[in-house]
Amino acid sequence: MKYYISTLVTGVDHRSETFDSLAREIDSWQEPDVGVELIAFTHDEAYWERLLAVLPELTCPRTFHGPWLGVEATSAPDSEAGRWLREAYTRVFDLAARYDVGHVVVHYSQLHFTPEALPAAQANAYTNLGDLLELAAERGVNMAIENLAKQPSGQHLFTNEEYVALFERFPQARALIDVGHANVNKLPVHDFLQQYASRVVGYHLNNNDGEADRHWNIHRGTYDLRTHMRWAKEYTPAANVVLEYEPHVGLSTEELHEQIRELQAM
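These notes cover the structure that comes with them.

Reading the values: rules and limits
- Residues numbered from 1 in each chain as written.
- Predicted model: local features only at pLDDT ≥ 70, side-chain atom pairs only at ≥ 80, totals over all residues.
- Heavy atoms only, no water.
- Axes fitted to C-alpha atoms, helices over the stretch in contact; angles between N-to-C directions.
- Helix = DSSP H or I, 4+ residues; strand = E, 2+ residues; numbered from the N terminus.
- Parallel < 35°, antiparallel > 145°, perpendicular 65-115°, else oblique.
- Contact = heavy atoms within 4.5 Å.
- Buried < 20%, exposed > 50% of the residue type's maximum accessible area, 1.4 Å probe, protein only.
- 1 Å grid on protein atoms, 1.4 Å probe; cavity = no way out; pocket = protein on both sides within 12 Å on 5 of 7 lines; lining within 4 Å.
- Points joined across faces, edges and corners; volume = space filled by probe spheres on them.
- Nonpolar A, V, L, I, M, F, W, Y, C, P; charged D, E, K, R; others polar.

Further remarks concern the packing of helix H5 (residues 160–169) against helix H7 (residues 189–196). With their axes 12 Å apart at the nearest point, H5 and H7 run at an angle of 5° to one another. Comparing the axis directions of H5 and H7 gives the class roughly parallel. Mapping the contact onto sequence places Tyr-163, Val-164, Phe-167 and Glu-168 in H5 and Phe-192, Gln-195 and Tyr-196 in H7.

In structure tokens, the structure reads:
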């Protein structure tokens, strides 16, 4: 296993320079199994240029979280938004291939839907995900479809069963399991691993109360992390394990580093 800290912990404000600093600090640890998950935003050229600038400096393991601001995977494929989705991810996949990035996380939607709008949104998502998988495969990139937490209102794009069915619909697809999202949705993670362990490239680790996607510290919440890590090491010993926190967790870089050591020791 390799262990990563997501730059989400520095926030998603494209004006912030702290994601670069965090990546450089993690790199300075010079630990071959510890790296950084960089958010590969494409909606802001200044952010993108800073990402391009920091990547050549890094020697630690790297993964990407693909863009979720300014893109939407349920866009009509032949619309301007659909074309931008493919263009944005082409840029990200090209960069991932150049720097031998371990995986690229993809969200299947940022929205909620009325029952009437859901079938068309799902159809668009299936088409777009298929197109993105082809673009990733052409470049030798591991595209990982993340399970997302249900929306606080309206209908979520996919039920648990429909998320699992993606890996039958797309035999080439890989999965990234966010355990906080799984806790909210009651996704049966152990059952998923028993069936699709060979398709899982990584995990996002955070915690919550089982009611909403709060991205709390792994030690605060109702998800049983220790049991999860036992499953992960049994079924997916080569997976990438990513601490994915938002800034409100308030942990220092050294505290994040200590949690990585804790996960390694589990």
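So, on to unusual backbone geometry. Its identity as a non-glycine residue notwithstanding, Lys-186 has a phi of 60°, on the positive side. Structurally, Lys-186 can be placed in the loop between helix H6 (179–185) and H7. Judged by relative accessible area, Lys-186 falls into the exposed class, the value being 53%.

The subject of this paragraph is the layout of surface pockets. The calculated volume of the largest pocket comes to roughly 450 Å³. His-107, Gln-110, Ala-149, His-181 and Asp-213 are the residues nearest the centre of the largest pocket, which is lined by 21 residues in total. When grouped by side-chain class, the residues that make up the lining of the largest pocket number eight nonpolar, seven polar and six charged.

Next up on the list: the environment of Cys-60. Within the secondary structure, Cys-60 is located in the loop between helix H2 (45–54) and strand S3 (62–65). For the pair Cys-60 and Glu-255, spaced 195 residues apart in sequence, the C-alpha separation works out to 19 Å. In contact with Cys-60, not counting residues within four places along its chain, are Ile-26, Asp-27, Val-34, Gly-35 and Val-36.

Read these as spatial facts, not as claims about activity.
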